[in-house]
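Secondary and tertiary structure notes
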Amino acid sequence: MKNQPASVSWFASVKQLVNPESAAEIAPATTSTKPLQPAGSAKKSTRLLSIDALRGFDMLLIAGGGTFLVLMKDLTGLAWVDWIADQLTHPAWHGFTFYDFIFPLFLFLAGVSLPFSLNRGLEMGLSKSDLYRKAFWRMVILIALGILDKNAPFPFFEPSQIRLGSVLGRIGLAGFVTTLLYLNFSGRKRLSLVGIILVLYYAALFLIPVPGYGAGNLTMEGNLVGWIDRTFLPGRLLQKIYDELGLLTQFPAICLTILGAMAGDILRTNWKDNRKIQTLLLAGVTGIALGLLWDLHFPINKHLWSSSFICLTAGMAFIFLAGFYFVIDVLQFRKWAFFFMVIGMNSITVYLAYRFINFSHTSKLLFGGLYAPAPEPWQEVFQAFGAMMLVWLFLYFLYRQKIFLKV
């Protein structure tokens, strides 16, 4: 392999990863990488810091940590600041911004972690049935937390107003399905299943007629996804005529977690770091290229979780993972990542904390006097920034106390 061109070694890496015969190259679920430790701790961890840091970066934006940047739009006169603000809002329908990437990245990272936890469980003597049971109850708990999150204060007396679709529920379902597939099918079969799901989803939206609109209608009102939600999903739909966390979009969304598990297997191999990074980058470029090509007929659309959207965001996720892994775990540039790691190690906590604790109000009470002389639009910026820092300090306190909410 040493004398082969880089492109040849990349393709060989991908072939060996999806080939069941390459299982002998998969290393144990631990790695020699040594992440940052709490002050005064002598214990060395085998946890990959890059995964926690990338999850923390992602979760910060999911929970609203970029709000202060959005509020800065048109305030500075700087085009690049306005561009960043625009990238942190969702398009109305077709199209893509960086903010559309945030939730798919978290689904992908949920998959990245699975090979480590599942193989560790097997090494500890747990049976597949034990792992199925743990994944199932994790799914149930996340679905319940998701329903609570989307409906608080909970409408006990108005069941028709309960929203069933949720971010946490989708994460739980994707994790459970990926666990079943990972423990029973080779990488090649799982990758083939991803292709089958995305093609069938594509075919369904173009070939199955919607009453009153016909087949192949991708408008907000006439698409198959919305019709299925309106017809079969009880309760309240977020967008009234559809819910992007509804029924049919579950299928393409699961593909991100399945692909994330394949990325996790790449990190678990005993390959050299350069080969791991090259394979991740190749997968990323391939996904982005396929997504842009598919966009010519099946538009990139987060609301529909279109097949082109899945390919694009999966490709971006592979590249982000490669970048974080290279900088943090290979080059050992880690101090900057501590800010994100604190968030990533308590990701469920920060998601729920932003929902149930009014950090913005606390920020105004604590810091309002400091920014009171500023113009009113800038006061909102400073208040949102203060809220983000309060969240981080809250998570840092939990980190120092070694308190981590796990589901």
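As a reminder, the structure under discussion sits directly above these lines.
For clarity, every value in this text was computed on a predicted model and none was experimentally measured. (Residues numbered from 1 in each chain as written. Predicted model: local features only at pLDDT ≥ 70, side-chain atom pairs only at ≥ 80, totals over all residues. Heavy atoms only, no water.)

**Here's the deal with unusual backbone geometry**
For D74, which is not glycine, the phi dihedral falls at a positive 70 degrees. Its place among the elements puts D74 in the loop between α3 (67–71) and α4 (79–87). Exposure remark for D74: the relative accessible area of 59% places this residue in the exposed category. Positive phi values are uncommon outside glycine, yet Q332 reaches one of about 70 degrees. (Helix = DSSP H or I, 4+ residues; strand = E, 2+ residues; numbered from the N terminus. Buried < 20%, exposed > 50% of the residue type's maximum accessible area, 1.4 Å probe, protein only.)

**What about the pattern of salt bridges?**
Applying the stated criterion to the full structure yields nine salt bridges. Two residues, E244 and K302, come together in a salt bridge whose shortest N-O distance is 2.5 Å. With E244 in the loop between α9 (224–232) and α10 (250–268) and K302 in the loop between α11 (273–294) and α12 (307–330), the pair connects residues that are 58 residues apart, well separated along the chain. Judged by its relative accessible area of 12%, E244 is buried. Assessed through its relative accessible area of 7%, K302 is described here as buried. The shortest N-O distance in the salt bridge between D329 and R334 comes to 3.8 Å. By relative accessible area, which is 10% here, R334 ends up buried. One salt-bridge network, in which partners are shared between bridges, spans R190, D265 and R268. (Salt bridge = Lys/Arg side-chain N within 4 Å of Asp/Glu carboxyl O.)

**Some thoughts on α12**
Helix length check: α12, at 24 residues, gives a terminal C-alpha distance of 33 Å against a target of 34 Å (1.5 Å per residue), a fit within 8%. Most of α12 sits out of view: 18 of its 24 residues are buried. Trailing α12 by a residue or two, Q332 shows a phi angle of about 70 degrees, which is positive. (Expected span 1.5 Å × (residues − 1).)

**A closer look at a nonpolar patch on the surface**
Where nonpolar side chains cluster on the molecular surface, the patch consists of F326, L331, F333 and W336 and spans about 380 Å² of accessible area. Looking at the secondary structure, you find F326 in helix α12. (Patch = residues over 30% accessible without salt bridge, like charges linked within 9 Å, V, L, I, M, F, W, Y side chains within 5 Å. Areas by Shrake-Rupley, 256 points an atom, 1.4 Å probe, with all protein chains shown as cover.)

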